[in-house]
Amino acid sequence: MRVLGIETTCDETAAAVVRLRPEGGGEILADEVMSQIAAHAAYGGVVPEIAARAHVETIDHLVARALKTAKLRIGDLDGIAAAAGPGLIGGVLVGLMTGKGLALAGGKPFLAVNHLEAHALTARLTDNVPFPYLMLLASGGHTQILAVRGVGDYDRLGTTMDDAIGEAFDKTAKLLGLPQPGGPAVEESAKNGDPTRFALPRPLIGRPNADFSLSGLKTATRLAAQSVAPLRPADIADLCASFQAAIVDVIEDRMRVGLKLFRERAGAPQAVVIAGGVAANGAIRDALARFCTQSGLKLVAPPQRLCTDNGAMIAWAGLERLRLGLRDNLAVPARPRWPLDPKVDRSLNGKA
């Protein structure tokens, strides 16, 4: 079973081909990604119209390259998957319409994939992790702790009440004059800093729910920066280290609560999984490794290239749905908001 996946929800244009291994995991036959970081750098963040235009200019070439690398034609595929949301609506439409067009022309099943579900299922592509598992999904736009029970079966145990973790990293980087994307820049600067110099808050630690709130931490970081202005390189490094240490402490605490809620609602998890762009952060990975050692659980962290947005995760999510007999008609809409857990209260976090 071989599926083409298309991803255009934000600032990466991607196309990939994945096949199902006989033992149940996946194999990536081709994985093409074109990043737009340079195009948005001057604006300090992603500009939706620039992103959509770049997707239009790139997607056909990437699909052709992916098929060539995989040594396949459209007729050789078993299905075509495209991210239908959540994300920037202009970009989502580019990938969704491309996928629909290819499916129609090739007479292939079409699969409209939830971008968040693709992140959630990546560990099954790389490590064939059995259900259920506890997952931290952390990116520039989303921060959620989830019980992953099965394909299409998710229980959101906690989410952010304001900023996502990746968003907080980006805004902190901008505050300190570091380049975008902010996550890697803050992490790199933190390596040379003192994480104890600035006493930053750990929001919501000790609360019985698994939610996050990071706007107060961001404000505290800004006030700390103002207190030592003008900033020297050593000040910036210490601020980054202190900020990152606070984030790590919050994640460990929130995951402990998430694990407790998981056991109450879904039994014993088979593993702990981290996914999303923030999963590339080494300090956060180390913290989750400690948490898993203390909890007696296995940590599954996909390779860093599969933590950021990519076509392979879309292809795999489509493949997971296809082998269950699921498919979508060509009238399926683009969805800028699309929660994994449909019963959640959207007012808590409208980003999903």
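Residues numbered from 1 in each chain as written. Predicted model: local features only at pLDDT ≥ 70, side-chain atom pairs only at ≥ 80, totals over all residues. Heavy atoms only, no water.

A. Up close: the overall build of the protein. Along the protein, the regular secondary structure elements total 10 helices and 10 strands. In terms of its C-alpha atoms, the protein occupies a principal-axis envelope of roughly 65 × 45 × 35 Å. Looking at the protein residue by residue over its 352 residues, the buried ones come to 56%. Pairs at least 24 residues apart make up 73% of the contacts formed inside the protein by residues separated by at least 6 positions. As displayed, the protein has an accessible area near 14,100 Å², and 54% of this comes from carbon and sulfur atoms. Positive and negative side-chain charges of the protein, numbering 39 and 36 respectively, have mean locations separated by a distance of 3 Å. (Helix = DSSP H or I, 4+ residues; strand = E, 2+ residues; numbered from the N terminus. Buried < 20%, exposed > 50% of the residue type's maximum accessible area, 1.4 Å probe, protein only. Contact = heavy atoms within 4.5 Å. Areas by Shrake-Rupley, 256 points an atom, 1.4 Å probe, with all protein chains shown as cover. Lys, Arg positive; Asp, Glu negative; His and termini not counted. Charge placed at Lys NZ, Arg CZ, Asp CG, Glu CD.)

B. Molecular detail of the nonpolar core. By size, the foremost hydrophobic cluster in this structure holds 50 residues, and its most contacted members are Leu136, Ile165, Ile247, Ile251, Met255 and Ile284. Broken down by secondary-structure element, the contributors of at least two residues to this core are strand 6 (133-138), strand 7 (143-150), helix 5 (165-175), helix 6 (182-190), helix 7 (215-227), helix 8 (233-266), strand 9 (272-275) and helix 9 (282-295). A total of 15 residues in this core trace back to one element, the largest contributor, which is helix 8. Leave out the neighbours within four places in its chain, and methionine 255 touches Leu134, Leu136, Ile145, Val272, Leu288 and Phe291. Residues Val18, Val113, Leu146 and Ala317 belong to the second largest nonpolar core, which totals 35 residues. (Core = buried A, V, L, I, M, F, W, Y, C linked by side-chain atoms within 4.5 Å.)

C. Fine view of the sheet that holds strand 1 (residues 2-7). If you trace the five strands from one edge of the open sheet to the other, you get 3-2-1-4-5, paired in mixed fashion. The open sheet is flanked by strand 3 (26-35) and strand 5 (110-114), the only strands paired with a single partner. For this sheet, the mean angle separating the axes of adjacent strands, direction not counted, is 20°. Taken together, the five bridges between strand 4 (residues 79-85) and strand 5 define a ladder with parallel strand orientation. Within strand 5, the position partnered with glycine 85 by the bridge is asparagine 114. Helix 4 (residues 115-127) contacts strand 1, strand 2 (12-20), strand 3, strand 4 and strand 5 of the sheet and is inclined by roughly 95° relative to strand 5. Across the sheet, helix 10 (residues 311-322) lies against strand 1, strand 2, strand 3, strand 4 and strand 5, angled at about 45° from strand 2, the strand it touches most. (Pairing = 2+ DSSP bridges. Axes fitted to C-alpha atoms, helices over the stretch in contact; angles between N-to-C directions.)

D. Here's a closer look at the sheet that holds strand 7. Pairing is mixed across the open sheet formed by five strands, whose spatial order is 8-7-6-9-10. Each edge of the open sheet carries a strand with a single partner, namely strand 8 (153-159) and strand 10 (299-300). Pairing geometry for strand 7 and strand 8, over six bridges, is antiparallel. Note that in strand 8 the partner of valine 148 across the bridge is tyrosine 154.

E. Structural detail: the pattern of salt bridges. Tallied over the full model, the rule gives 22 salt bridges. Linking aspartate 155 and arginine 149 is a salt bridge whose minimum nitrogen-to-oxygen distance equals 3.7 Å. Assessed through its relative accessible area of 4%, aspartate 155 is described here as buried. According to the relative accessible area criterion, arginine 149 is partly exposed, its value standing at 31%. Taking the shortest distance from any N to any O, the salt bridge between arginine 232 and aspartate 235 comes out at 3.2 Å. A relative accessible area of 2% places aspartate 235 in the buried class. One salt-bridge network, held together by shared partners, links Arg149, Asp155, Arg265, Asp341 and Lys343. (Salt bridge = Lys/Arg side-chain N within 4 Å of Asp/Glu carboxyl O.)

F. The environment of threonine 221, seen in detail. Considering the arrangement of structural elements, one finds threonine 221 in helix 7. For the pair threonine 221 and threonine 172, spaced 49 residues apart in the sequence, the C-alpha separation amounts to 7.5 Å. Discounting chain neighbours no more than four positions away, the residues touching threonine 221 are Thr172, Leu175, Leu200, Leu239 and Phe243. Looking at threonine 221, its side chain comes within polar contact range of the main-chain oxygen of leucine 217, at 2.9 Å. (Polar contact = N/O pair within 3.5 Å; in protein donor to acceptor, adjacent residues only side chain to side chain.)

G. Here's a closer look at the side chain of aspartate 235. Mapped onto the elements of the fold, aspartate 235 is located in helix 8. A polar contact is formed between the side chain of aspartate 235 and the side chain of arginine 197, at a distance of 2.7 Å. Apart from residues lying up to four places away in sequence, aspartate 235 is in contact with Arg197, Phe198, Val228 and Pro230.

H. Local environment of unusual backbone geometry. Going from phenylalanine 131 to proline 132, the amide bond is cis rather than trans, its omega being -10°. Along the chain, the position of proline 132 falls in the loop between helix 4 and strand 6. Here the residue pair alanine 229 and proline 230 is connected by a cis peptide bond, since its omega of 0° sits within 30 degrees of zero. Mapped onto the secondary structure, proline 230 falls in the loop between helix 7 and helix 8.

I. Representation of the packing of helix 7 against helix 8. It is at 11 Å that the axes of helix 7 and helix 8 come closest, and there the two elements cross at 160°. Relative to helix 8, helix 7 is oriented roughly antiparallel. Helix-helix and strand crossings are classified by hand; for helix 7 and helix 8 the assignment is right-handed. Touching Leu217, Thr221, Ala224 and Ala225 of helix 7 are Leu239, Phe243, Ala246 and Ile247, all from helix 8. Here the contact of helix 7 with helix 8 is built from residues that sort into seven nonpolar, one polar and no charged. (Parallel < 35°, antiparallel > 145°, perpendicular 65-115°, else oblique. Left-handed = near helix turned anticlockwise from the far one by under 90°. Nonpolar A, V, L, I, M, F, W, Y, C, P; charged D, E, K, R; others polar.)

Keep in mind these values describe shape, not function.
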